[in-house]
There are 2 protein chains.
Amino acid sequence: MWRERGSGCGGERGSCDDDDERKSTTTITIFFLFKFPPKETGVIIKAYTRGGMIPEGASYFLSWRLAVEANNARGWRTVPSQCLSHVEAYMLGGQYDRDLDLIADQILSYINEIVPSDDGAMDAWILDVDDTCISNLVYYRGKRFGCDPFDPAGFKAWALKGGCPAIPAVLGLFKYLVRNGFKVFLITGRDQETLGQATTDNLRNQGFIGYERLIFKTAGFKGQRASAYKSEIRRRVEKEGYRIVGNVGDQWSDLQGECSGRRAFKLPNPMYFVP
Amino acid sequence: MWRERGSGCGGERGSCDDDDERKSTTTITIFFLFKFPPKETGVIIKAYTRGGMIPEGASYFLSWRLAVEANNARGWRTVPSQCLSHVEAYMLGGQYDRDLDLIADQILSYINEIVPSDDGAMDAWILDVDDTCISNLVYYRGKRFGCDPFDPAGFKAWALKGGCPAIPAVLGLFKYLVRNGFKVFLITGRDQETLGQATTDNLRNQGFIGYERLIFKTAGFKGQRASAYKSEIRRRVEKEGYRIVGNVGDQWSDLQGECSGRRAFKLPNPMYFVP
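What counts and how
Residues numbered from 1 in each chain as written. Chains lettered and ligands numbered in written order. Predicted model: local features only at pLDDT ≥ 70, side-chain atom pairs only at ≥ 80, totals over all residues. Heavy atoms only, no water. Helix = DSSP H or I, 4+ residues; strand = E, 2+ residues; numbered from the N terminus. Buried < 20%, exposed > 50% of the residue type's maximum accessible area, 1.4 Å probe, protein only. Contact = heavy atoms within 4.5 Å. Areas by Shrake-Rupley, 256 points an atom, 1.4 Å probe, with all protein chains shown as cover. pLDDT = per-residue confidence, 0-100. Salt bridge = Lys/Arg side-chain N within 4 Å of Asp/Glu carboxyl O. Pairing = 2+ DSSP bridges. Axes fitted to C-alpha atoms, helices over the stretch in contact; angles between N-to-C directions.

Explain the overall build of chain A to me, please; I cannot follow it from the model alone.
From N to C terminus, chain A includes 10 helices and 7 strands. Taken over 275 residues, chain A has a buried fraction of 55%. Considering only intrachain contacts with a sequence separation of at least 6, the fraction spanning at least 24 residues in chain A is 74%. Just so you have it, chain A exposes about 11,600 Å², and 52% of that area is on carbon and sulfur atoms.

Before we go on, may I ask you to explain the confidence of the model for chain A in this structure?
The predicted structure's coordinates, where accompanied by low pLDDT, should not be read in detail. Here chain A averages 84 in pLDDT, while 80% of its residues score no lower than 70. Segment residues 14-52 of chain A is flagged for pLDDT under 50; beyond a separation of four residues in sequence, or across chains, it makes 62 contacts in the model.

Help me understand the pattern of salt bridges in this model?
Where side chains of opposite charge bring their charged atoms close, a pairing between them can arise. All names here are of chain A. The final tally for this structure, using the stated rule, is 24 salt bridges over all chains. For Lys266, the salt bridge goes to Glu69, with nearest N and O atoms at 2.5 Å. Of this pair, Lys266 sits in strand 7 (residues 264-266) while Glu69 sits in helix 2 (residues 56-69); the two residues are 197 residues apart in sequence, bridging distant segments of the chain. A relative accessible area of 3% means that Lys266 is categorised as buried. Close ionic contact of Asp128 with Lys230 constitutes a salt bridge, the shortest N to O distance being 2.8 Å. Of this pair, Asp128 sits in strand 3 (residues 123-128) while Lys230 sits in helix 9 (residues 226-239), and the two are 102 residues apart along the sequence. Just as Asp128 is buried, Lys230 falls in that class too. Through salt bridges with shared partners, a single ionic network connects Asp128, Lys230 and Asp254.

Looking at this structure, how should I read the sheet that holds strand 6 (residues 243-249) of chain A?
Where strands meet in a sheet, backbone hydrogen bonds hold them as pairs that are either parallel or antiparallel. All names here are of chain A. Across the sheet, which stays open at both edges, the 5 strands sit in the order 5-4-3-6-7 with parallel pairing between neighbours. Since the sheet does not close on itself, it has two edges, and those belong to strand 5 (213-217) and strand 7, each with one partner. Averaged over neighbouring strand pairs, the angle between their axes works out to 20° when direction is ignored. The pairing of strand 3 with strand 6 spans 5 bridges and is classified as parallel. Across the sheet, residue Trp125 finds its bridge partner in strand 6, namely Gly246.

I'm lost on unusual backbone geometry in this one. Help?
Note on backbone geometry: most residues besides glycine have negative phi, and most peptide bonds are trans. Non-glycine residue Phe145(A) carries a positive phi angle of around 50°. Within the secondary structure layout, Phe145(A) lies in the loop between helix 5 (137-141) and helix 6 (152-161). For Arg144(B), which is not a glycine, the phi torsion comes out positive at approximately 50°. On the secondary structure map, Arg144(B) appears in the loop between helix 5 (137-141) and helix 6 (152-160).

What follows is the structure, given as structure tokens:
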């Protein structure tokens, strides 16, 4: 059997309190000796390379962000420091919003391409809450957009204020789903006991009205990884007879595992990783 | 039951001959009315937006590429025309290579973080061939980097030449795997009868030597989607007693489905989509 050295945090980032137990990942650099360099490609790339077209730091951030969004980079604790100005520019300069808008368009195309089942009343969508429905960007701005390590107490204090703004593209999608008769389940790793009321109020004051159910993490799931907890919740939803036709989240752990739905949509989030 | 209107091509891009049967996806644009615009975030974004910092077309290409690499965009037939100069700059200007290098580093970190099983001789890696081990970039340059529709005859003629250069990052990874005793299975959607010999020769002349097996698509799999065909091959590999500890490909259809391995790594490819 394969075992990972240094397993990740056992819970959602919003409820994880064993952050400092996490082990840092050792980066191993290996130099390759290439016996067979590609000939034709080499010539073309040389001809097209315009040194400095993309500044080195921005280029690294692009590679790093791609690795995060394609689910290649896992278990990372903080955004690399050299990415700070780039993650800030990405989150606040408009590109993050444009990325969200395009995904919302793609979700709408998907909705309109599928033929509803006869029993449409049981067609369900799963939406994550943090940085899917409502945004923690204001909070993470104070944490250097994820370059600082996760601060459970700080995050809890922020969430208790109930002041997370809606993410416009997802609020629009949410309203479209409700209006068209889909049953929307909001599933969050936030702890029910401590953050239940504040989160319920926050979602309401941002316009998330008309969902089928808002499901928090209860004591029984404490210590479980997000993907296991969310899989179990989805399994229960399906057991009630619902068909999960779509699943939207900013973390791969929202989207992978059992009963993950007919289609999953990954929203961008380069600021933190939830195992 | 949900049914998709207009299912995709039934085979791998390299062997698909029903391209013109594919239906174009209707893009549905819906304008949202946001009742509850986010207040705090709105102010911040306004303050940080520097109009024109990222040219509009480049910004759209970034969003589109993110959607492709995060597996949100599916079933697309061609790269949007307005992306042509940007996909060219991405593929030839160095960013594509840097993206590949970072993923190769992450794969090496993964290899070095896991503890091999006692029976290490059965630890296997799956690698795709086209645009994973060897590159079709020279060919796709003549097809406007995927802005032109797929041309099965043209691709076959290109592949028959056996002149695809190795992708350096993956060749390095391949050699590292072989040197460290992993059993490497190369699984391709290329047709065995027509492209078997040329592909075998091509891989050898680019330095892919020492793999456990090179598996082509045979007549029995004709018309099957890549994910189904590759799942079945992986299932057979596992049935022989191998443990798939890693899986690398440039298409999500290389990585999803049954027996998909302990970890999957998605390499970038914004030029075409294989269902």
